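One-letter residues, chain by chain:
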Amino acid sequence: MKRLVLPSLFVLALIIVLGLQQFEGDRQTSTARRPAASSRFLAVIYPERSPLRDDYLRIIHELQLRSRYWRVRAVPDRALDTLSAIARRMAVGPPEWLMQHRLIAPSRLPVRFDKNGFSIAGRGYRQPADVLLLRVPRASETDPPVTVITGNEERKLLRFLETGYRFWRRPGDYSIYRGQALIACGFVDPRTGRVIAETNFVSDRRRVFADSFFIVEAIGAIAEDRLPNFLQRQRQALARLFSRLHIPQRQRARLLPIRLRLYGSAEAKTLGTRNPEFASWSPGDSLVHIVFHDDYQGEDFAAIAERVLDRWTGGIQNRLVRRGAGIAFSHNWGGEGYRVWAGRLFHAGLFRPWADVMRSSRFNRPSPLLAGPQLASYIEFLLQSEGPDRLRRWLHSVPSAPSEKAHSAYFPAQRQRAWQAWCERALPEIPPSKLPPPTEFIRGFCFAHEGYSVYNGYMGRTAFASLRRLRELGVNGISITPFGYIRDPHRPMPLIRSESAGSENDASLVASAAFARRLGMSVMLKPHILLAGGGHWGWPGDVVMKNPDDWPAFFRHYRDWITHYAMLAQMYRFDLLCIGVELTQVTRGHATEWRELIQHVRRFYGGPLTYAANWGEEFENVAFWEALDFIGVNCYYPLSADSSASLGELKQGARRVVQKIEAVARIHGKRVLITEIGFASRPTPWVQPHRDGRGAPPDPQAQAMAYEAMFEALYDRPWLAGLYWWKWPTVLSDGGPGHAGFTPNGKPAEEVAKTWFSRRWPH
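Procedures and definitions
Residues numbered from 1 in each chain as written. Predicted model: local features only at pLDDT ≥ 70, side-chain atom pairs only at ≥ 80, totals over all residues. Heavy atoms only, no water. Helix = DSSP H or I, 4+ residues; strand = E, 2+ residues; numbered from the N terminus. Contact = heavy atoms within 4.5 Å. Areas by Shrake-Rupley, 256 points an atom, 1.4 Å probe, with all protein chains shown as cover. Pairing = 2+ DSSP bridges. Axes fitted to C-alpha atoms, helices over the stretch in contact; angles between N-to-C directions. Buried < 20%, exposed > 50% of the residue type's maximum accessible area, 1.4 Å probe, protein only. Left-handed = near helix turned anticlockwise from the far one by under 90°. Nonpolar A, V, L, I, M, F, W, Y, C, P; charged D, E, K, R; others polar. Phe/Tyr/Trp six-rings, centres within 6.5 Å; stacked < 30°, edge-to-face > 60°. Lys NZ or Arg CZ within 6 Å of the ring centre and 35° of its normal. Parallel < 35°, antiparallel > 145°, perpendicular 65-115°, else oblique. Expected span 1.5 Å × (residues − 1). Bend = angle between axes of the 7 residues up to and from the residue. Polar contact = N/O pair within 3.5 Å; in protein donor to acceptor, adjacent residues only side chain to side chain.

### Regarding the overall build of the chain
So, point 1. Across its full length, the chain carries 23 helices and 30 strands.
So, point 2. Along the first, second and third principal axes, the C-alpha atoms of the chain reach 80 × 75 × 55 Å.
So, point 3. Considering only contacts in the chain between residues 6 or more positions apart, those separated by 24 or more positions represent 73%.
So, point 4. Carbon together with sulfur atoms contributes 50% to the accessible area of the chain, which is approximately 29600 Å² in total.

Below is the structure:
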């Protein structure tokens, strides 16, 4: 029997977490920890009598070696009875085997199987490569569901599991793939087993326009009345591109028409393409994919230009060069055009050596917001100085991964000197436009990305529903948090950004901010460092350079990372930017570096700045508050050391906490933002407010008492500009009276917040 090739196991390794992993962080102070793999067990059930048994075992064994979060065990179907009732389970195999072993009961599910394939919601899926991922409820509501992966042809099912491409957790209660393409996903009412919502990338697709320039199809509801103006802008941009490149009319005809697929939401586009950018095109794809919404303009033509330039050159091998070329011909990239952003970067000294710019490793590749304008400026310089033919040859010749030695061939020293001189002349140094601070007292929550399947994270439909609930509580502001990851808190290294489809990527941050603005909320962008490694996610307060000579390199990497988010905040008009969180050992003794960093950030972001200091020693001793617009504190001061404290005693403790914060405000003459404050719904949360409730019995009334005490102490304080409670989830199912974590969602503390936020707070 011919063995299947196993190039990678990204698919199965990440399908495994399919929603099995819930992110409810343990906290050092206010910082989330992610769970260690040693605490998680998953049984993968397979058909022992299948002719492909060895392939199943090989795949599961590979998963055992690669899984970071789960201890994986291969379980033959004959050993099902040995599993405990509460074991996490995944079943992988053909439909008839699943039904034979009662791993699924179609009568309770929206799926029907027959000899030709399967059907859901009246739609049939009959092709051999069709694969179904399904969450199957167990008999007991307390038992976790079974995750089922099945398909119409067993070998193609195994091939699907083995294919090595980037993947994320299953979207919805079911997902259907045809080969590697997601073609449908949906949600099921757990009481009736009926489909209540579905996105179908095949049957929902419709053509909405066609001419000699564009063939346009749409998925989901789009504002078709805006389509004529949109297409007119794209035609004008195409005409400019053709003219600048001296492309004759007969050649233009070979580059047209361009096929566009427009999506009604960022969620739908990300689910359908596995790419979270608002506009994207990839080699080999006949379509340019665009989120068609007023909130997300500025990147659309850059993606169209990439597709045109790739065909014009005969293929641009290097992904970064292709992206830079698209940016160079998009006049409104980043809202102001790439030249404005390139000018800010160039005059701030952030144009990097090409060996650094062209790195592709996840651990040291540059931010696309920093590298893109730099490459675009070089491409425009080549066009102006050497002409379209030379540019075409150069774009085509740069390899996908040039060696450092090869950089001199593509970026020769003499040309680099001429390019630098061109940048001095051509790139303006324009300060960012001023963004006014919020005009109201901020009655806020930290909005937490609690779902990693796109639909239930910052970008998805559940986020908007969750924000609507917050607005009903009187909330008028949220903070949104992306993470930067470092592997060693004691050595300088580039910070890794969240970029995968289900993570806190840039597009998801912008999408949630747009949701909030539609509801009348202000938005603070609050980037946060996490320590990745050692089986847990550590606290930024642990970051300290053991070698004093490493500090300049640390601040250089941190500056590059925070510049990315400063640019994003300006491009999409975030109302506030927090430049750091709880870096207790980084702020100590480094006031000069922080003042320089703050001055640097103001070259890219024109709104108000704060820093979220850790409660206690750091907050009370920060030496650069005068350089910021607001003093910021993550307030986890204990209210009482007495586990049996009464509400009156908690109120006294809360007043003492407020006096400490007020003293800092008076010393520095600045208003304060409480960037985080919170209590878990566990027993005595006021003793150690920074502790999560994992492993503790729920005590929602204790949480409500602490909320009441702090609200009363903080009310009507003229030095206070706002507060953000930690935390509110993107998924409203997180919370409830049996939940011991920080969110007040579905607990008595929610009503306490609503009562206090309904009052008029001074500003």
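Still more to cover.
### Some remarks on the sheet that holds strand 28 (residues 630–635)
So, point 1. The strand order around the closed barrel formed by eight strands is 19-20-23-26-27-28-29-30, and the pairing between neighbours is parallel. Pairwise comparison of adjacent strand axes, ignoring direction, gives a mean angle of 25° for this sheet.
So, point 2. The sheet contact formed by strand 19 (residues 442–448) and strand 30 (residues 720–729) spans seven bridges and is parallel. Bridging across to strand 30, A448 finds its partner in P729.
So, point 3. Here helix 19 (residues 591–601) sits on the sheet and contacts strand 26 (576–581) and strand 27 (609–614); the angle it forms with strand 26, its principal contact strand, is near 150°.
So, point 4. The strands touched by helix 22 (residues 700–714) are strand 19, strand 29 (672–677) and strand 30; relative to strand 30, the strand with the most contacts, the crossing angle is about 160°.

### Quick look at the side chain of S50
So, point 1. Position of S50 among the secondary structure elements: in the loop between strand 3 (41–46) and helix 2 (53–66).
So, point 2. Not counting residues up to four positions away in its chain, the partners in contact with S50 are Y56 and E154.

### Things to note about the side chain of E750
So, point 1. Structurally, E750 can be placed in helix 23 (residues 748–757).
So, point 2. What E750 contacts, discounting residues up to four positions off in sequence, is R469, L473, W728, P744 and N745.

### With respect to helix 19
So, point 1. Among all positions in helix 19, only A591, W594, L597, I598, H600 and V601 are buried.
So, point 2. Of the surrounding secondary structure, the elements contacted by the buried residues of helix 19 are helix 17 (551–571), strand 26, helix 18 (584–587) and strand 27.

### Section: the packing of helix 8 (residues 300–313) against helix 9 (residues 319–328)
So, point 1. Put simply, helix 8 and helix 9 touch, their axes get as near as 8 Å, and they point 115° apart. Pair helix 8 / helix 9 crosses with right-handed handedness. Contact residues: A302, A305, E306, L309 and D310 in helix 8; R322, R323, A325, G326 and I327 in helix 9.
So, point 2. Residues belonging to the contact of helix 8 with helix 9 are distributed by class as follows: five nonpolar, one polar and four charged.

### Considering the packing of aromatic side chains
So, point 1. All told, the structure shown has 50 aromatic pairs when counted by the stated rule.
So, point 2. Relative to F214, the ring of F213 lies with its centre 6.4 Å away and its plane at 35°, an arrangement referred to as tilted.
So, point 3. For the pair F445 and F757, a centre-to-centre distance of 6.5 Å together with 80° between the ring planes defines the contact as edge-to-face. With F445 in strand 19 and F757 in helix 23, the pair connects residues that are 312 residues apart, well separated along the chain. An identical accessibility class is assigned to F445 and F757; each is buried.
So, point 4. Chaining the aromatic ring pairs together yields one cluster made of F441, F445, F679, Y707, F711, Y715, W725, W728, W756, F757 and W761.
So, point 5. The ring centre of W756 lies 3.9 Å from the NZ or CZ of R759, which sits over that ring.

### A few points about the packing of helix 10 (residues 338–347) against helix 14 (residues 413–426)
So, point 1. Packing of helix 10 against helix 14 leaves a shortest axis separation of 10 Å and a crossing angle of 115°. Considered as vectors, helix 10 and helix 14 are oriented roughly perpendicular to each other. Crossing angle aside, the handedness with which helix 10 passes helix 14 is left-handed. Where helix 10 approaches helix 14, its residues Y338, R339, F346 and H347 are matched on the opposing element by Q420, W422, C423, E424 and A426.
So, point 2. Taken together, the residues of the contact of helix 10 with helix 14 sort by class into five nonpolar, two polar and two charged.

### Details of the sheet that holds strand 14 (residues 205–210)
So, point 1. Strand order in this open sheet of five strands is 14-15-16-18-17, and the pairing throughout is mixed. One side of each edge strand has no neighbouring strand; the edge strands of this open sheet are strand 14 and strand 17 (279–280).
So, point 2. Summarising the sheet, strand 17 and strand 18 (residues 287–291) pair through two bridges and their orientation is antiparallel. For S280, the partnering residue across the bridge sits in strand 18 and is H289.
So, point 3. Sheet strands in contact with helix 7 (residues 266–273) are strand 16 (258–263), strand 17 and strand 18, and its direction is about 150° off that of strand 18.
So, point 4. Here helix 8 sits on the sheet in contact with strand 15 (214–219), strand 16, strand 17 and strand 18, set at roughly 175° to strand 18.

### Some points on the pairing of strand 6 (residues 111–114)
So, point 1. Burial along strand 6 is one-sided: the residues V111 and F113 are buried and none of R112 and D114 is.
So, point 2. Counted between consecutive antiparallel strands, the loop separating strand 6 from strand 7 (residues 117–120) contains two residues.

### Considering helix 12 (residues 368–397)
So, point 1. The terminal C-alpha atoms of helix 12 lie 21 Å apart, and with 30 residues this falls more than 12% below the ideal 44 Å at 1.5 Å per residue.
So, point 2. For helix 12, the principal kink sits at E386 and spans about 125°; a proline, P388, occurs within the next four residues.
So, point 3. A side-chain oxygen of the first residue of helix 12 lies 3.0 Å from the backbone nitrogen of L369; this N-cap is S367.

### Comments concerning the environment of D295
So, point 1. Following the sequence through the fold, D295 ends up in the loop between strand 18 and helix 8.
So, point 2. Along the backbone, D295 and R517 are 222 residues apart, and their C-alpha atoms lie at a distance of 10.0 Å.
So, point 3. Every residue in contact with D295, bar those within four places of it in the chain, is listed here: A514, R518 and Y572.

### Some details on unusual backbone geometry
Trans peptide bonds make up the majority, and among non-glycine residues the majority have a negative phi.
So, point 1. Between L256 and the following residue, P257, the backbone shows a cis peptide bond with an omega angle of -5°.
So, point 2. With respect to the helices, strands and loops of the structure, P257 is situated in the loop between helix 6 (249–255) and strand 16.
So, point 3. With an omega of 0°, the peptide bond running from W726 to K727 counts as cis.
So, point 4. Counting through the fold element by element, K727 comes out in strand 30.
So, point 5. One non-glycine residue with positive phi stands out, namely R274, at about 65°.
So, point 6. Its location among the elements puts R274 in the loop between helix 7 and strand 17.
So, point 7. Of note in the backbone geometry, D716 takes a positive phi value of approximately 65° without being a glycine.
So, point 8. Here D716 shows up in the loop between helix 22 and strand 30.

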